[in-house]
Amino acid sequence: MILSRLSRAIREQNWFAVAIEFLIVILGVVIGFQITAWNAERTARVQEAVILANLEEDFQTLVSETDDVIERTFEIARNATVVVEAIDSGVVPEDRVGQFEEGLISLVWAVQPPQSPSTLQELVSSGGLSRLSDADLRAALARFMERYEAVDGMANLLVEARFNNAQRAPLPVSLEPGSVADLERARESGAFLNSDNYRAAQGVRSTLEHYDLEALQADPALRDMFVASRDLNNTYLSWLVALRVRAQDVVDYLESSGDTP
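Calculation rules
Residues numbered from 1 in each chain as written. Predicted model: local features only at pLDDT ≥ 70, side-chain atom pairs only at ≥ 80, totals over all residues. Heavy atoms only, no water. Helix = DSSP H or I, 4+ residues; strand = E, 2+ residues; numbered from the N terminus. Buried < 20%, exposed > 50% of the residue type's maximum accessible area, 1.4 Å probe, protein only. Core = buried A, V, L, I, M, F, W, Y, C linked by side-chain atoms within 4.5 Å. Salt bridge = Lys/Arg side-chain N within 4 Å of Asp/Glu carboxyl O. Patch = residues over 30% accessible without salt bridge, like charges linked within 9 Å, V, L, I, M, F, W, Y side chains within 5 Å. Areas by Shrake-Rupley, 256 points an atom, 1.4 Å probe, with all protein chains shown as cover. Lys, Arg positive; Asp, Glu negative; His and termini not counted. Charge placed at Lys NZ, Arg CZ, Asp CG, Glu CD. Contact = heavy atoms within 4.5 Å. Phe/Tyr/Trp six-rings, centres within 6.5 Å; stacked < 30°, edge-to-face > 60°.

Draft legend 1. Geometry of the overall build of the protein chain. Helix and strand counts for the protein chain come out as 9 helices and 2 strands. Order of helices (α) and strands (β) in the protein chain, N terminus to C terminus: α-α-α-α-α-β-α-α-β-α-α. The buried share of the protein chain, taken over its 261 residues, is 31%.

As structure tokens, then:
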């Protein structure tokens, strides 16, 4: 219809009408682009809101999982320290016997850090991180990723150290594996439903049958292994704490941003 009116106005040389029709066409195009832009912006805001909600949930889970890893790493570092002190003194304190025995067993254990949040991984792999509108949030996520890479690198060192210890000549320690009945009882009690239940089921993993403290003292290389375990786990522990701080910073920021009108 507009084109027919425009052609008629041109034939009649009604230039005022021609200008009006052109103006209507241009305004229509501009308004159409603007509506499209508004819709795109609204869609982007909705998508970002979903991403922020997922990030908050993921990082809350990460903080909780990091607490579990910190606690287990603390136990390994403490128990390795008990072993070193017992080797140096030649005596296992009565109130530390359990920790000493756990320390002997845990020389070949490694605690992995929790997985990086899946929402963050998707943002990084898709290039979506740069599209987050909040510069402070992007900075907080970048600080977290930097710390996570450091923690992951330390975890790899621990795994390598554990592997090397496991390949060493047998320790003067004997482990007795759990029986079939132990495993069946563990399954029936729900030990395989979560890691806490699993650790509580003593018959699932090998238990200490006996050890030779004098043989441990007679071999300096053995002491060095436990010292290395102690030192690596203490360092790993401090980095895990720093990782938790970074993760909690993201949670706190997202929660405060969500409360802001």
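Draft legend 2. The nonpolar core, seen in detail. Leu55, Phe59, Leu120, Leu141, Phe144, Tyr236 and Val250 are the most contacted members of the largest nonpolar core, which totals 29 residues. The set of elements that each furnish at least two residues to this core consists of α2 (15-89), α4 (118-126), α5 (135-167) and α9 (220-259). Of all the elements, α5 adds the most residues to this core, at 9 residues. Membership of the second largest hydrophobic core comes to 15 residues, among which are Ile87, Leu213, Leu216 and Leu222.

Draft legend 3. Here's a closer look at the environment of aspartate 67. Following the sequence through the fold, aspartate 67 ends up in helix α2. For aspartate 67 and arginine 244, which are 177 residues apart along the polypeptide, the C-alpha to C-alpha distance reads 7.7 Å.

Draft legend 4. Looking closely at the pattern of salt bridges. Counted under the stated rule, the structure contains 5 salt bridges. In this structure, arginine 72 and glutamate 75 form a salt bridge, with 2.4 Å as the shortest nitrogen-oxygen distance. You can see arginine 72 and its partner glutamate 75 sitting in helix α2, 3 residues apart, about one turn around the helix. In terms of burial, arginine 72 and glutamate 75 fall into one category: buried. With a shortest N-O distance of 2.7 Å, arginine 223 and aspartate 88 are connected by a salt bridge. In this pair, arginine 223 is assigned in helix α9 and aspartate 88 in helix α2, connecting sequence segments 135 residues apart.

Draft legend 5. A look at a negative patch on the surface. Among the surface-exposed residues, Glu65, Asp68, Glu71 and Asp196 lie close enough to one another that they form a single negatively charged patch. Here the negative patch takes 3 residues from α2, the largest share from any one element. On the secondary structure map, glutamate 71 appears in helix α2. For glutamate 71, a relative accessible area of 41% puts it in the partly exposed group.

Draft legend 6. Quick peek at the side chain of serine 116. As for its placement among the helices and strands, serine 116 is situated in the loop between α3 (97-105) and α4. Residue contacts for serine 116: discarding those within four places in its chain leaves Gln121, Phe144 and Tyr148.

Draft legend 7. Molecular detail of the packing of aromatic side chains. Applying the stated rule across the entire model yields 3 aromatic pairs. Look at phenylalanine 59 and phenylalanine 144: their rings are 4.9 Å apart centre to centre, the planes differ by 75°, and that puts the pair in the edge-to-face class. Here phenylalanine 59, found in helix α2, pairs with phenylalanine 144, found in helix α5; they are 85 residues apart in sequence, far enough to count as distant. Taking 5.9 Å as the distance between ring centres and 35° as the angle between the ring planes, the aromatic pair formed by phenylalanine 144 and tyrosine 148 counts as tilted. Here tyrosine 148 and phenylalanine 144 lie together in helix α5, a separation of 4 residues that amounts to about one turn. Grouping residues by exposure puts phenylalanine 144 and tyrosine 148 together as buried. Among the aromatic residues, ring-to-ring pairing joins Phe59, Phe144 and Tyr148 into one connected group.

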